[in-house]
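Report on the structure
As a plain string of letters, each chain reads:
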Amino acid sequence: MPSQTRLAFLGGKIFTSDAKSTIVSGVYAEEGRIRRVGHADEIRKLLPPDTRIIDLQGKTLLPGLMDAHNHMVHVGTTMDNMQAGYPKIGSVGELASAVANAAEDTPEGEWIRGWGMDYAKYPGGQMPTRWDIDDMSRKHPVVIVHTSGHFALVNSLALEQAGITDSVQDPKGGRFVRDEKGRLTGMLLDSAQRVVIKGAVDVGNHGPDPGQDTPVEDLVQAIERVCKMYHKEGLTSIVDAQVTAREMPAYVEARNRGVLGVKVHCMYLSNHLKDVKALGVMGFMGDSRLSAGTIKCYADGSLIGCTAAFQNPYVNPPDTYGYTYWDRDELRDLLLESHTLGLHTGTHSQGDAAMEMVVGSWEEILKEHPREDHRHRIEHCGYPIKHLERMAKLGLLAISQPSYLYYNGDGFLANLGEERAKKLIPLRSELDLGIPIVLSTDSPVVSFRPLDNISAAVSRVTMEGQDCGKDERITVEEAIRGYTINAAYSAFKEGEKGSIEVGKAADFTLIGGDLLNTPGEEIRNLSVEMTVIDGEIVYGAK
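Residues numbered from 1 in each chain as written. Predicted model: local features only at pLDDT ≥ 70, side-chain atom pairs only at ≥ 80, totals over all residues. Heavy atoms only, no water.

Some details on the overall build of the chain
Check the secondary structure of the chain and you find 18 helices and 23 strands. Its C-alpha radius of gyration of 23 Å places the chain within 12% of the 24 Å reference for a compact globule of 542 residues. Across its three principal axes, the chain shows a C-alpha extent of roughly 80 × 55 × 50 Å. When contacts within the chain are restricted to residue pairs at least 6 apart in sequence, long-range pairs at least 24 apart make up 73% of them. Counting every atom, the chain has about 20200 Å² of accessible surface; 49% of that belongs to carbon and sulfur. Positive and negative side-chain charges in the chain, numbering 57 and 75 respectively, have mean positions lying 3 Å apart. (Helix = DSSP H or I, 4+ residues; strand = E, 2+ residues; numbered from the N terminus. Rg over C-alpha atoms; globule rule 2.2 N^0.38 Å. Contact = heavy atoms within 4.5 Å. Areas by Shrake-Rupley, 256 points an atom, 1.4 Å probe, with all protein chains shown as cover. Lys, Arg positive; Asp, Glu negative; His and termini not counted. Charge placed at Lys NZ, Arg CZ, Asp CG, Glu CD.)

Laid out in structure tokens, this is it:
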């Protein structure tokens with residue numbers, strides 16, 4: 001319910017994200033809506049006596065930040081897993097020790113589940129195998145999901161329980177990694193995960209699915225917990241970029257209980273397209289707190305894990321090109337059906353071979369079935385540099401994760417070569433062609449902190465301090481728009497939120513410093529002091 005509190009922010013810098021990126025010094029909200037925007041002195045004269053006044057003292061107030069590609073439920077469920085992320089786990093030996101420690105606390109026969117493995121950062125980039133972890137536990141099936149969510153390592157017992165032998169064939173949209181003798185190493189790429197790790201939701205080759213068969217009650221608790229974490233980082237809205245019949249009931253229940261603490265728009269995974277069609281669910285449905293109506297499709301694999309589909313081979317591993325989930329006609333038909341049903345789409349596409357499939361398909365579809373203001377999205381849009389003019393002409397949106405460049409940029413430079421790596425996520429080129437950039441994190445793949453992401457977009461420097469494409473830097477103001485009005489636009493929500501304008505929801509994020517004048521690499525050191533949703537202070541001084 002909207003807050004009945006009268007709230008005013010006065011002084012400091014208030015970046016409105018309106019059409020002109022206006023900066024003002026005052027805003028007044030009542031009953032959950034923005035009522036006045038302008039100069040602090042003028043607004044102060046008109047304030048009712050019971051208004052709570054927040055003196056910004058030179059700090060920066062933004063529209064509520066929106067992560068337009070996020071996996072909130074998975075963020076919550078992975079918190080209960082064995083934490084295998086870097087730098088906590090920085091070698092194969094440390095990974096094995098973590099499995100051994102987990103085995104001591106896990107009842108015999110139950111799964112040991114880990115999250116966040118990033119073997120590219122191990123010495124020599126050594127990919128672990130099932131033999132590295134088998135001796136750590138012979139009585140527990142083990143699965144450790146890669147930080148991308150696209151891969152998983154399992155032990156021999158997990159393969160045995162699934163009835164998988166060395167003779168298994170690779171599924172479409174995935175691969176079993178094998179050694180020089182043809183033996184399974186236990187590393188499962190993309191859709192191969194679900195051949196071994198069965199789930200209540202069978203996604204087939206519609207995408208990777210790191211989700212677990214977790215009871216709805218546990219998922220609701222995870223959602224409530226993560227919402228509070230998001231509040232601390234200034235997030236007021238997200239788009240959950242992969243929702244299946246496992247996650248949707250939990251979102252609905254959280255909404256009904258009043259514990260869905262951020263505004264969520266859901267993207268149905270394309271394996272549910274037939275169900276959506278059968279129900280006659282065409283277009284958007286829901287309310288400002290929980291909505292749905294976008295179909296999520298996959299074109300290729302992971303940029304982080306070197307399975308994204310490229311036209312030229314990787315530098316490392318050599319002679320590899322990545323792969324796609326579908327052939328071109330299959331992907332086109334999937335997008336065509338979604339489009340002609342009146343649905344909105346977002347298609348995961350990383351490498352330039354996958355980009356050609358996606359952009360080429362949309363050229364054909366929109367020529368045959370034109371639709372004004374479709375706003376179809378390309379999720380990640382990793383290496384689109386050769387396709388940007390076509391994207392701009394078609395009206396396709398780029399949903400990007402600049403934090404990849406910070407956390408994984410050193411690997412991109414090594415695996416793709418300097419020329420390609422520096423043109424990943426080409427935000428400046430996109431903006432110059434009039435493509436509205438939309439920023440997001442893909443969390444839990446990387447940190448969900450918006451300030452980390454904005455810092456990466458503005459600086460384009462890796463964790464080791466390498467340049468990862470400074471020609472593609474954007475300004476702080478442009479990055480804020482990518483987190484506010486452009487993010488709202490990408491989900492048809494710009495009439496409701498995304499800017500500080502009269503009539504819109506009173507969603508605000510207060511940054512503890514002068515964000516607009518902070519050097520790019522130092523932005524990540526700033527903090528969020530207050531988060532407001534519909535006029536209610538959900539984080540910060542009460």
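After presenting the structure, the write-up continues.
What about the sheet that holds strand 12 (residues 184–190)?
Strand order in the open sheet formed by six strands is 7-8-9-10-12-11, and the pairing between neighbours is mixed. Every other strand in the sheet has two partners, leaving strand 7 (82–83) and strand 11 (174–178) as the edge strands with one partner each. Strand direction decides the pairing type here: strand 7 and strand 8 (residues 112–117), joined by two bridges, are parallel. Within strand 8, the position partnered with glutamine 83 by the bridge is tryptophan 115. (Pairing = 2+ DSSP bridges.)

Notes on the pairing of strand 10 (residues 151–154)
Residues Phe151 and Leu153 line one face of strand 10 and the alternating positions Ala152 and Val154 line the opposite face, and both faces are buried. Note: strand 9 (residues 142–146) against strand 10, three bridges, orientation antiparallel. Of the residues in strand 10, the one forming a bridge with isoleucine 144 is leucine 153. Pairing of strand 10 with strand 12, which is carried by three bridges, proceeds in the antiparallel orientation. Within the sheet, the bridge partner assigned to phenylalanine 151 lies in strand 12 and is leucine 189. (Buried < 20%, exposed > 50% of the residue type's maximum accessible area, 1.4 Å probe, protein only.)

Focus on the packing of helix 16 (residues 450–459) against helix 17 (residues 476–483)
In contact at an axis separation of 9 Å, helix 16 and helix 17 are set at 135 degrees when each is read in the N-to-C sense. By the angle between their directions, the pair helix 16 and helix 17 is classed as oblique. Where helix 16 crosses over helix 17, the two elements pack in a sense that is right-handed. Every residue of helix 17 that contacts helix 16 at Pro450, Asn453, Ile454 and Val458 is listed here: Val476, Ala479 and Tyr483. (Axes fitted to C-alpha atoms, helices over the stretch in contact; angles between N-to-C directions. Parallel < 35°, antiparallel > 145°, perpendicular 65-115°, else oblique. Left-handed = near helix turned anticlockwise from the far one by under 90°.)

Regarding helix 10 (residues 328–340)
Compared with an ideal rise of 1.5 Å per residue, which puts 13 residues at 18 Å, helix 10 spans 18 Å between its outermost C-alpha atoms and is within 8% of the ideal. Looking at the buried positions of helix 10, the neighbouring elements they touch are helix 9 (273–279), strand 16 (290–298), strand 17 (344–349) and helix 11 (352–368). The opening residue of helix 10, the one whose side-chain oxygen lies 3.3 Å from the backbone nitrogen of aspartate 329, is aspartate 327. Downstream of helix 10 by a residue or two, glycine 342 has a phi angle that is positive, lying close to 85 degrees. (Expected span 1.5 Å × (residues − 1). Polar contact = N/O pair within 3.5 Å; in protein donor to acceptor, adjacent residues only side chain to side chain.)

Overview of helix 13 (residues 403–416)
At glycine 409, helix 13 shows its largest kink, close to 75 degrees. Most of helix 13 is tucked away: ten of the 14 residues are buried. When helix 13 is considered as a whole, its buried residues turn out to be Ser403, Tyr404, Leu405, Asn408, Gly409, Asp410, Phe412, Leu413, Asn415 and Leu416. Here the buried face of helix 13 lies against strand 18 (377–380), helix 14 (418–421) and helix 16. Looking one or two places after helix 13, you find glycine 417, whose phi comes out positive at around 90 degrees. (Bend = angle between axes of the 7 residues up to and from the residue.)

A word on the nonpolar core
Judged by nonpolar contacts, the single largest core of 99 residues is most densely connected at Met72, Tyr251 and Met391. At eight residues, the largest contribution of residues to this core is made by helix 11. In this structure, methionine 391 is in contact with Met355, Val359, Ile378, Cys381, Pro384, Leu396, Ala398 and Ile435, ignoring residues within four places of it in sequence. (Core = buried A, V, L, I, M, F, W, Y, C linked by side-chain atoms within 4.5 Å.)

Topic: the pairing of strand 8
The side chains of a regular strand alternate between both faces of the sheet. Across the six residues of strand 8, five count as buried, placing the element largely inside the fold. Regarding topology, helix 3 (residues 92–104) serves as the crossover connection from strand 7 to the parallel strand 8, and that connection is right-handed. (Right-handed = clockwise from strand over helix to strand, strands pointing away.)

Things to note about the environment of isoleucine 304
Along the polypeptide, isoleucine 304 turns up in the loop between strand 16 and helix 10. On the basis of relative accessible area, isoleucine 304 is assigned to the buried category, the value being 9%. Sequence spacing of isoleucine 304 and glycine 409 is 105 residues, and the spatial spacing of their C-alpha atoms is 9.0 Å. Every residue in contact with isoleucine 304, bar those within four places of it in the chain, is listed here: His146, Thr147, Ser148, Tyr404, Asn408, Phe412 and Val445.

Some thoughts on the side chain of lysine 493
Mapped onto the elements of the fold, lysine 493 is located in the loop between helix 18 (485–489) and strand 21 (508–511). Once residues lying within four places of it in the same chain are set aside, the contact partners of lysine 493 are His265, Asp287, Ser291 and Ala488.

Some words on the pattern of salt bridges
Between side chains of opposite charge, a pair can form when the charged atoms approach closely. For the structure on display, the rule yields 41 salt bridges. The salt bridge involving arginine 257 is made with glutamate 253; its shortest N-O contact spans 2.8 Å. One end of the pair, arginine 257, and the other, glutamate 253, are both in helix 8 (residues 248–257), four residues apart, so they sit about a helical turn from each other. Its relative accessible area of 42% is what places arginine 257 among the partly exposed residues. Residue class for glutamate 253 comes out partly exposed when judged on its relative accessible area of 27%. A salt bridge links arginine 449 to aspartate 452; its shortest N-O distance comes to 2.6 Å. Judged by relative accessible area, which is 6%, aspartate 452 ranks as buried. In this structure, a network of salt bridges that share partners links the residues Arg328, Arg332, Asp333, Glu364 and Glu368. (Salt bridge = Lys/Arg side-chain N within 4 Å of Asp/Glu carboxyl O.)

Quick notes on unusual backbone geometry
Look at the link from asparagine 316 to proline 317: it is a cis peptide, with omega at -5 degrees. Counting through the fold element by element, proline 317 comes out in the loop between strand 16 and helix 10. With an omega of 20 degrees, the peptide bond between serine 443 and proline 444 qualifies as cis. As for its placement among the helices and strands, proline 444 is situated in the loop between strand 20 (437–439) and helix 16. Although it is not a glycine, serine 17 sits at a positive phi angle of roughly 60 degrees. Looking at the element boundaries, serine 17 is found in the loop between strand 1 (7–15) and strand 2 (23–30).

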